[in-house]
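One-letter residues, chain by chain:
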Amino acid sequence: MNILAQIRGRFAQALGQLVDDPSELLDMVRSSQDAKFGDYQANCAMPLGKRLSRPPREIAEEIVQHLKIDDLCEPPQIAGPGFINLRLRSDWIVERLEAAGVDERLGVELTADPKTYVIDYSAPNVAKPMHVGHIRSTVIGDSLYRTLRFLGHRVIGDNHIGDWGTQFGMIIYGYRNFCDVDAYEASPVAELARLYRLVNTLVDYQASHDGLAAIEQQITEKSKLLETQQAAPPTGDKKADKKSAKAVRKRQGQVNDLRTELKATKEKIATIDADPVLSKQLSEHPAIRKACLAETVRLHDGDADNLRLWEEFLPPCREDIERIYRRLGITFDYTLGESFYHDRLAAVVDDLREKKIAVESDGAMCVFFEGDDVPMIVQKQDGAFLYSTTDLATLQYRVDTWGADAILYVVDHRQALHFEHLFSAARRWGYDQVELKHVVFGTVLGGDGRPYKTRSGDTVGLEGLLDEAIRKAHEVVSAGDDAKPDGPELDEEARSRISEVVGIAALKYADLSQNRSSDYTFSYEKMLALSGNTATYMQYAYARVRNIFARGQIDAAALRSDTAAIIVDHPAERAMALALLQFSEALEQTLVDYRPNLLTDYLFALANQFSTFYQQCHVLKAETEELRTSRLKLADLTARVIKQGLALLGIEVVEKM
Ligand code: ARG
């Protein structure tokens, strides 16, 4: 039961008597931040008063007159300039909560409007080291997947891996020229990753070298422009002079940026020049950059040798990623990587050309957008297709084959422009009925405020991250167990098992509890903290409730089928009951803009509410048998909602910690 939706429904009716379209006003019906003002609050009388040029209090009174809500709420109160405060009827709360208690879904109804969602998440580039950003995409996508499914939607998880990109040209070249055969035999993935890094360094060196002249030329050009701008005499017109001063500053900024870039590039070149092994390799492979590009082209053109190598490399690379997913407890319905779409690309471009959505420009096929200088290129001069082309083919496949109503792309913020272009081109192409959403996320930062890097160049990158989280979790779990008043309860095997769950949970929750659009700072200490909004805290909260049951030797199954009434006379009981009933609302809020942190916020508030309740109300030692049963029911429901909520985040609980 989504209480907010119920109340908004009632307001929609009442407001319908005053305005034609009340939908905007309904957003102003919310749950109250402060119990003083009731459980829910409607602030729509103020803007409506303004719109109708009438005193808002009068409007509020009129809304209340039309409002049919007495089965749910006590008589509405009008406060201040025209706030409408609603307090739910306690008998209604009890009735709903008792229904939730015997419901496996804990009172969360299935959606009345099931849709087909495709979620595009994780999507690492195989054979390149996976980075923390891929964890972010993986856990955010996974939790949206679980939540949408729980609400009854059809959801397809599709891991759009990069398995066809230019990295393969580099690896093929590296394999033919630099491979350490023994190392490859022993661990193909590690050796391929080493080859990728080596070749990438050499290619990058050449690209930097070749790019120097262009940067220098730009500096010269921009400096000349700057001089002309600076030499222009003031016009005397204040506005115009201000404008040109601003232009000068902007130009100066451009020149400075270019100088910084030039310096950084030169430094990079110098570092490699100073490395005897790398310089030797460079002198032996003077055309490596071009050669690698050529290998990729040969692969894409179906060259038998390159295809054979690609087919040889792919399985171990995929197995390498799979291992991480297994540890994270994540599965996909499909893993249709870029290579899957390869033979569809030419048809996509043909169709775009025919429909005049793509046009030729400098020999390339481009889609142009109004008010945007940069086009989206779908085919290069040399005939090669691009990332965008593949994404268009993928979108087409997902809608045509799976009947997607919505596609969510969980990809970092640096690709924002790509998705803007992609969506806009897709709509023109006829895919205007499907919801296309870039579920964007920020960068994971290290303590130094720069993008977080695992020891660079280390293939165990992501795995090392998991290992470290689990090792640190072991310390936390052991310390907690050692400190128990009656001595430790867990043997080493139990500690290890629990640490695995706690460590992975900490990593996931740290990510999910952040506003996904912002950057966040990675810290093992913070993510494993016992207090605050962490998985560890939530898991302890769960285990604590379960511990009450163990101490009281309560049979939870029997309790659930006990028909004794739930009592909400104490304010802490009532607040607990209401918080439990708001689970459904929290899930729906989470899906409005696909923000898992709204679910973690809810769960954290729920756990805190439980602490208050537990402090203020005796449970096992309740004053009467009826109260004891009722409070145990509240406790049991709290544990079940926490467990279910965490499960939707892809996080497990342990019964004992
Ligand atoms: N492989 C890409 C990367 O690592 C992400 C792909 C995201 N999905 C997509 N349909 N473009 O940057």
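In what follows, the accompanying structure is described. As the structure is a prediction and not an experimental result, all values here were calculated from the model.

1. Focus: the site of the ligand
Thinking step 1. By nearness alone, every residue bordering the ligand is listed as Asp120, Ala123, Asn125, His134, His160, Tyr387, Asp391, Tyr409, Val411, Gln415 and Phe419.
Thinking step 2. Between Ala123 and the ligand, the recorded distance is 2.9 Å, taken from a backbone N or O atom to a nitrogen atom.
Thinking step 3. Note that a nitrogen atom of the ligand is positioned 2.7 Å from one of the side-chain N or O atoms of Tyr387.
Thinking step 4. Protein burial of the ligand: of its 350 Å² of free accessible surface, 89% is covered by the chains.
Thinking step 5. Broken down by secondary-structure element, the contributors of at least two residues to the shell around the ligand are helix H15 (387–402) and strand S10 (406–412).
Thinking step 6. Residues of the shell around the ligand, tallied by class, amount to 5 nonpolar, 4 polar and 2 charged.

2. Section: the sheet that holds S10
Thinking step 1. A sheet is described by the order of its strands in space; here 4 strands give the open sequence S6-S5-S10-S11, paired in parallel fashion. A single partner strand is all that each edge strand has here, and the edge strands are strand S6 (154–158) and strand S11 (435–441). With strand direction ignored, the average angle separating the axes of adjacent strands in the sheet is 20°.
Thinking step 2. Where strand S5 (residues 116–120) and S6 come together, 5 bridges link them in parallel fashion. Within S6, the residue paired with Tyr117 across the bridge is Val155.
Thinking step 3. Across the sheet, helix H6 (residues 132–150) touches S5, S6, S10 and S11, and the angle it forms with S11 is around 135°.
Thinking step 4. Contacts from helix H16 (residues 416–428) reach S10 and S11 within the one sheet, and its direction differs from that of S11 by about 180°.

3. Some points on the pattern of salt bridges
Thinking step 1. Following the criterion strictly, the structure yields 46 salt bridges and no others.
Thinking step 2. Across the pair Asp120 and Arg398 runs a salt bridge whose closest N-O atoms are separated by 3.0 Å. Residue Asp120 is found in strand S5, and its partner Arg398 is found in helix H15; the two are separated by 278 residues along the sequence. Taken individually, Asp120 and Arg398 each receive the classification buried, so the pair is uniform in this respect.
Thinking step 3. In this structure, the salt-bridge partner of Asp467 is Arg327, at a minimum N-O distance of 2.8 Å. Here Arg327 lies in helix H13 (residues 304–328) and Asp467 lies in helix H17 (residues 461–482), a separation of 140 residues in the sequence.
Thinking step 4. Where salt bridges share partners, they join Asp320, Arg323, Arg327, Glu463 and Asp467 into one cluster.

4. Topic: the state of the cysteines
Thinking step 1. In the structure shown here, the tally under the stated rule is 0 disulfides.
Thinking step 2. Free cysteine Cys73: the closest other cysteine sulfur is in Cys44, separated by 14 Å.
Thinking step 3. On the basis of relative accessibility, which here comes to 2%, the residue Cys73 falls in the buried class.

5. Thoughts on the sheet that holds strand S8 (residues 364–369)
Thinking step 1. An order of S7-S8-S9 is seen for the 3 strands of this open sheet, with the pairing classed as antiparallel. Of all the strands in the sheet, just strand S7 (359–361) and strand S9 (372–379) have a single pairing partner and so form its edges. Averaged over neighbouring strand pairs, the angle between their axes works out to 55° when direction is ignored.
Thinking step 2. The pairing of S7 with S8 spans 3 bridges and is antiparallel. Directly across from Glu360, in S8, lies its bridge partner Met365.
Thinking step 3. Contacts from helix H14 (residues 345–354) reach S8 and S9 within the one sheet, and its direction differs from that of S9 by about 130°.

6. Some points on the side chain of Ser32
Thinking step 1. One can find Ser32 in the loop between strand S1 (29–31) and strand S2 (40–42).
Thinking step 2. One polar contact links the side chain of Ser32 to the main-chain carbonyl oxygen of Gly38, over a distance of 3.2 Å.
Thinking step 3. Beyond its immediate chain neighbours, meaning those up to four positions away, Ser32 contacts Phe37, Gly38, Asp39, Tyr40 and Gln41.

Conventions adopted
Residues numbered from 1 in each chain as written. Predicted model: local features only at pLDDT ≥ 70, side-chain atom pairs only at ≥ 80, totals over all residues. Heavy atoms only, no water. Near = heavy atom within 4 Å. Polar contact = N/O pair within 3.5 Å; in protein donor to acceptor, adjacent residues only side chain to side chain. Areas by Shrake-Rupley, 256 points an atom, 1.4 Å probe, with all protein chains shown as cover. Helix = DSSP H or I, 4+ residues; strand = E, 2+ residues; numbered from the N terminus. Nonpolar A, V, L, I, M, F, W, Y, C, P; charged D, E, K, R; others polar. Pairing = 2+ DSSP bridges. Axes fitted to C-alpha atoms, helices over the stretch in contact; angles between N-to-C directions. Contact = heavy atoms within 4.5 Å. Salt bridge = Lys/Arg side-chain N within 4 Å of Asp/Glu carboxyl O. Buried < 20%, exposed > 50% of the residue type's maximum accessible area, 1.4 Å probe, protein only. Disulfide = S-S within 2.5 Å.

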